[in-house]
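If you want the building blocks of each chain, they are given just below.
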Amino acid sequence: MKILVTGGAGYLGSVLVPKLIAYGHRVVVMDNFSHGVPSLIGCGGHKDLDIVCSDVSREPGLFKRLVTDADAVIHLAAIVGAPACDAMPTTAQLVNLRSTEEILEWARPDQPIVFPCTNSGYGKGGDNPVTENEPMMPLSLYGRTKVAAEDVVLRHPLGVSLRFATLYGPSPRMRLDLLVNHFVHLACVSRSAMRVYEPHFRRCVLHVSDAAEAMGLAVENADTLGRRPWNVGAENVTKADLCRMIKAAVPSFEWSESEGRDPDQRDYSVSSERFKAESGWAPLERLEEGIAQLVRLYRMPFNGPSWGNA
């Protein structure tokens, strides 16, 4: 299968692309490499990888040609995260929503379209883990653009939306602005105690490698997974739980609960049982091991602006 992966050099894409090649697919990556990291260098110029350095919002003719020439599309390209979208609201609308609409305008009915939504669209949840039947009530421009794009994707007969949990773990295009990655990095480099606001707030987390496996499965099984959204996460934890787990891995790490309001008001736990039952997917990575992986990774310096999205 020839698969177009937009944003394929990003945090998730640079983990996903080598897996797709290993599965026997031919991959075309469209990415503007704005982060400045040669994140696909590990693919070693593989014969089944083509890289197109371009932007989905600036070269519509090229974008259309790549979409129509592919057997399937995995649409990762996005302005990711609330701070990045707030800093570039017009660009966020163009990249996150308009480019998705264009793919659906150009796509054939037999062409799988796999899209990563975000379970941050749930905003605040109740006492029980939210399922796909719960309404999406995003609290940020980022969440609103992703939820709107999901609605577009699910109009396609082979459109699959994966509502990913907060990703974490090592990637060739590393990001330090994701919750687990950020907290572990501070534990490894900071000499002062970390202040945690509203530590009872909950998150669902997912290792980036398990997210990539889910995307590979989705593109190959769009005929059975299409036209429905799927929660894809591994573990539900509070920020306090996370800090205690990091403390076990980094004994020098200190943190304290602080009074005040966290600007990020997301608070929910998520059920991914439907996706596990109907797809056969299951996460392989545990959070404790993911934290240990990050601790080992952070022995290298991460001091540049390219390690975040905003």
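Here's a quick rundown of the structure. The model shown is predicted, which means the values in this text are computed figures rather than measured ones. (Residues numbered from 1 in each chain as written. Predicted model: local features only at pLDDT ≥ 70, side-chain atom pairs only at ≥ 80, totals over all residues. Heavy atoms only, no water.)

Quick notes on the sheet that holds strand β9 (residues 202–207)
Stage number 1. With mixed pairing, the three strands of this open sheet are ordered in space as β7-β9-β11. With one partner strand each, in any of the chains shown, β7 (166–168) and β11 (235–238) form the two edges of the open sheet. Across this sheet, the average inter-strand angle for adjacent strands is 45°, counted without regard to direction.
Stage number 2. Sheet topology places β7 next to β9; three bridges connect them, and they run parallel. Residue pairing for β9: Leu167 is matched across the bridge by Leu206.
Stage number 3. Contacts from helix α7 (residues 208–220) reach β7 and β9 within the one sheet, and its direction differs from that of β9 by about 70°. (Pairing = 2+ DSSP bridges. Helix = DSSP H or I, 4+ residues; strand = E, 2+ residues; numbered from the N terminus. Axes fitted to C-alpha atoms, helices over the stretch in contact; angles between N-to-C directions. Contact = heavy atoms within 4.5 Å.)

Some thoughts on unusual backbone geometry
Note on backbone geometry: most residues besides glycine have negative phi, and most peptide bonds are trans.
Stage number 1. Backbone geometry at Phe33 places phi at a positive 50°, although glycine is not the residue there.
Stage number 2. Secondary-structure assignment places Phe33 in the loop between β2 (26–31) and β3 (49–53).
Stage number 3. Judged by relative accessible area, which is 22%, Phe33 ranks as partly exposed.
Stage number 4. Although it is not a glycine, Glu198 sits at a positive phi angle of roughly 45°. (Buried < 20%, exposed > 50% of the residue type's maximum accessible area, 1.4 Å probe, protein only.)

Details of the pattern of salt bridges
Stage number 1. Evaluated as defined, the whole model comprises 19 salt bridges.
Stage number 2. With a shortest N-O distance of 3.9 Å, Glu132 and Arg274 are connected by a salt bridge. Here Arg274 lies in helix α10 (residues 273–279) and Glu132 lies in the loop between β5 (113–118) and α5 (141–153), a separation of 142 residues in the sequence.
Stage number 3. You can call Arg274 partly exposed: its relative accessible area is 24%.
Stage number 4. When the shortest N-O distance is used, the salt bridge between Glu273 and Lys276 registers 3.5 Å. Placement of the pair is Glu273 and Lys276 together in helix α10, with a separation of three residues, close to one helical turn. (Salt bridge = Lys/Arg side-chain N within 4 Å of Asp/Glu carboxyl O.)

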